[in-house]
Every structure is written in structure tokens, then in C-alpha cells.
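# Coordinates in review
Chain by chain, the residues:
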Amino acid sequence: HQTDDAFVEQPQVEVAAEVGHDAAEPPQAAAIGGRQRLARGREPWVSLPFLREFARTLAEVPYLEVLHGLYSAGVPLLAAHPTAVAACPVAKPRQQLQQADRLLQQGQPLADALSAAGGGGVHAETLQLIANGERTGGLEEALARALRRRQEVGTRHTAALARGIATLVYVLACAAAI
């Protein structure tokens, strides 16, 4: 289980080190500082307007992948949920998911637990799909639909982010040529 947590934490360190470190700081120090910032839940890159939705999807997709995979393989929801929460690579949504997990373990339905935890780190559409799935007895299918939808949205956000970066690089190159 500790190996899973270490694996989940690694991408965060790379992103934090690339986005938020001082240019004079050696990359190793930035990675260590990034790990400390992440351990405290500081992820300033998540609050940037053009990265906010990308970060939200980055947080939600792994959670849904693990939760759907385990639940569809027959693992009970109460046993599958903590593992799915650990798969969330962004601190703030992971903290909300941990709050939701505590409520779920106390007997609340998943949608209610997520909602009570401030949305539980998931998109409102995901929350609605899960609520409908629980009401109709089709949670497995609801998780699959939510996962597909978040993956589609994530693909669009990634493409938009890539276009934005390409445009920025082009503008900077043009400015440097002038």
C-alpha cells in the first residue's frame, strides 16, 4: 500500500518542481521543496485560471478509474473507496475525497458523502451521475459513465492547454525576433 502512495505522489513533485521553483534553485532542491509544499496541500499552479479545470480533471480521473475498476471487479465500495482516494494526485481534491471517505465509512451513500464534503473533489456532473446511479442501483454503470465523461473533458482541456502553450511560444518567438 505504501508503494501505491509513493507512486501517486511522484507526478505531483514533477509538476510542482517544473512550475513553481526558483530558476536559481537546483532541480533536486525544487523537487524536495515541491514535495514539502504538496504534503501541506500547497499547489499554487492549481489556482491559475487556465490550469484550474485541467487540474480538476487531473485529480478526478485517477480517482474514478480506480473506484470504477475495483467496484466493477467486485470489491465492496467501502473497501474500494480509500484506495481510489489515494489515487487522486492533487492535494486539495484528495483532502475533500478523504472527508467524503470518512462519511462514507460512517454509512452515508457515496453521493451524499461527496456532496457533504464540499463536492468531494469531483465535478458536479460526476456527483449527479453517482447520485442517479445509487438511486437506481446502477452505481457501476454510473461510475463508468462519469469516468468516460471526465476523460472526454480532460482530453479537450489538454488540447486547449496545448494550443494555448503553442500560441504563447509563437508569440514569444515573434516578440524575440522583433
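Residues numbered from 1 in each chain as written. Predicted model: local features only at pLDDT ≥ 70, side-chain atom pairs only at ≥ 80, totals over all residues. Heavy atoms only, no water.

## Quick notes on the overall build of the chain
- Within the chain, the regular secondary structure consists of 8 helices and 0 strands.
- Going from the N terminus to the C terminus, the chain shows its helices and strands as α-α-α-α-α-α-α-α.
- Taken over 178 residues, the chain has a buried fraction of 36%.
- For the chain, the proportion of contacts with a sequence separation of at least 24, taken over those separated by at least 6, is 55%.
- Summed over its atoms, the accessible surface of the chain is roughly 10,000 Å², and 59% of this surface lies on carbon and sulfur atoms. (Helix = DSSP H or I, 4+ residues; strand = E, 2+ residues; numbered from the N terminus. Buried < 20%, exposed > 50% of the residue type's maximum accessible area, 1.4 Å probe, protein only. Contact = heavy atoms within 4.5 Å. Areas by Shrake-Rupley, 256 points an atom, 1.4 Å probe, with all protein chains shown as cover.)

## Concerning the nonpolar core
- If you look at the biggest cluster of nonpolar residues, it comprises 28 residues, and the most contacted ones within it are Y63, L67, L97, L110, L114 and I130.
- Counting only elements with at least two residues in this core, the list comes to α3 (49-72), α4 (77-86), α5 (91-105), α6 (110-116), α7 (124-136) and α8 (139-177).
- A per-element tally of this core places α3 first, with 5 residues. (Core = buried A, V, L, I, M, F, W, Y, C linked by side-chain atoms within 4.5 Å.)

## Focus on the pattern of salt bridges
- Counting across every chain of the model gives 3 salt bridges.
- Measuring nitrogen to oxygen at the nearest pair gives 2.6 Å for the salt bridge that ties R150 to E125. Linking R150 in helix α8 with E125 in helix α7, this pair joins segments that are 25 residues apart in sequence.
- The exposure class assigned to E125 is partly exposed, which follows from its relative accessible area of 28%.
- R148 is the partner of E141 in a salt bridge, and the nearest nitrogen-oxygen pair spans 3.4 Å.
- Sharing partners across several salt bridges, the network here consists of E125, R149 and R150. (Salt bridge = Lys/Arg side-chain N within 4 Å of Asp/Glu carboxyl O.)

## Side note on the packing of α7 against α8
- Two numbers describe how α7 lies on α8: the axes approach to 8 Å, and their chain directions differ by 165°. Between α7 and α8, the crossing angle belongs to the class labelled roughly antiparallel. The handedness of the crossing between α7 and α8 is right-handed. Within the contact between the two elements, α7 uses E125, T126, L129, I130, G133 and E134 and α8 uses L139, A142, L143, R145, A146, R149 and R150.
- Classifying every residue of the contact of α7 with α8 gives 6 nonpolar, 2 polar and 5 charged. (Axes fitted to C-alpha atoms, helices over the stretch in contact; angles between N-to-C directions. Parallel < 35°, antiparallel > 145°, perpendicular 65-115°, else oblique. Left-handed = near helix turned anticlockwise from the far one by under 90°. Nonpolar A, V, L, I, M, F, W, Y, C, P; charged D, E, K, R; others polar.)

## Observations regarding the packing of α4 against α5
- It is the contact of α4 with α5, at a shortest axis distance of 10 Å, that shows an interaxial angle of 165°. Classified by the interaxial angle, the pair formed by α4 and α5 is roughly antiparallel. Crossing of α4 against α5: the hand is left-handed. The residues of α5 that touch α4, namely those facing L77, L78, H81, P82 and V85, are R94, L97, Q98, D101, L104 and Q105.

## Notes on the environment of R149
- Looking at the secondary structure, you find R149 in helix α8.
- Under the relative-accessibility criterion, R149 is labelled partly exposed at 28%.
- In this structure, the C-alpha to C-alpha distance between R149 and E125, residues 24 residues apart in sequence, is 8.9 Å.
- Contact partners of R149, with chain neighbours within four places excluded, come to E125 and R156.

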